[in-house]
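# Commentary on secondary and tertiary structure
As a plain string of letters, each chain reads:
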Amino acid sequence: MDDYTKHVGAPQGLLIPLGGVATDPDGVNYAVAAIDGDTVELRCWHGEEPATTVHAVKGVPVRVGERDVLISAVLTEEGKRPWVVLGPA
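The notes below deal with the structure included here. Just so it is clear, the structure is predicted and the values come from calculations on it, not from any experiment. (Residues numbered from 1 in each chain as written. Predicted model: local features only at pLDDT ≥ 70, side-chain atom pairs only at ≥ 80, totals over all residues. Heavy atoms only, no water.)

### Points about the side chain of Asn29
What counts, and what does not: By the criteria applied, helices consist of DSSP H or I runs no shorter than four residues and strands consist of E runs no shorter than two, each listed in order from the N terminus. Only protein chains enter the accessibility calculation, which uses a 1.4 Å probe. A residue is then buried if its area is under 20% of the maximum for its type, exposed if over 50%, and partly exposed in between. Here a polar contact is taken to be a pair of N or O atoms separated by no more than 3.5 Å, where protein atoms must pair a possible hydrogen donor with a possible acceptor and residues adjacent in sequence count only if both atoms sit in side chains. Residues are treated as being in contact if the distance between any of their heavy atoms lies within 4.5 Å.
For Asn29, the position within the fold is in strand β3 (residues 28-36). Judged by relative accessible area, Asn29 falls into the buried class, the value being 14%. Of the polar contacts made by the side chain of Asn29, one reaches the side chain of Thr23; its length is 2.6 Å. When residues no more than four places from it in sequence are discounted, the contact partners of Asn29 are Val21, Ala22, Thr23, Arg43, Cys44, Trp45 and Gly47.

Right under this line is the structure:
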């Protein structure tokens, strides 16, 4: 967790910056393509599989393949890069 996420008190989960990619312990990759309020465009893939794009709303689980994905927080602060907290589901 970097200084920004410590400062805003990020909940536990996978932290993904807008335009960035993070990988969960199961090897699933998540990329945040866009954030519009509480709606996040998320791209998900595992290994060489093609990416699946979903539009997830904070607090509402969305099904991606065989797993449920939950955006638990959207972290924004003036002048800082937005972050998304994925999980726990």
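### Focus on the sheet that holds strand β4 (residues 39-46)
Note the following rule: Two strands are counted as paired when DSSP detects at least two bridges linking them. Every angle, taken between N-to-C directions, lies between 0 and 180 degrees, and every axis is a line fitted to C-alpha atoms, over only the stretch in contact when it is a helix.
The four strands lie next to each other as β2-β3-β4-β5, forming an open sheet whose pairing is antiparallel. Since the sheet does not close on itself, it has two edges, and those belong to β2 (21-23) and β5 (52-57), each with one partner. Between one strand axis and the next, the sheet turns through 30° on average, direction left out of account. Across eight bridges, β3 lies against β4 in antiparallel orientation. Bridge assignment links Ile35 to a residue of β4, and that residue is Val40.

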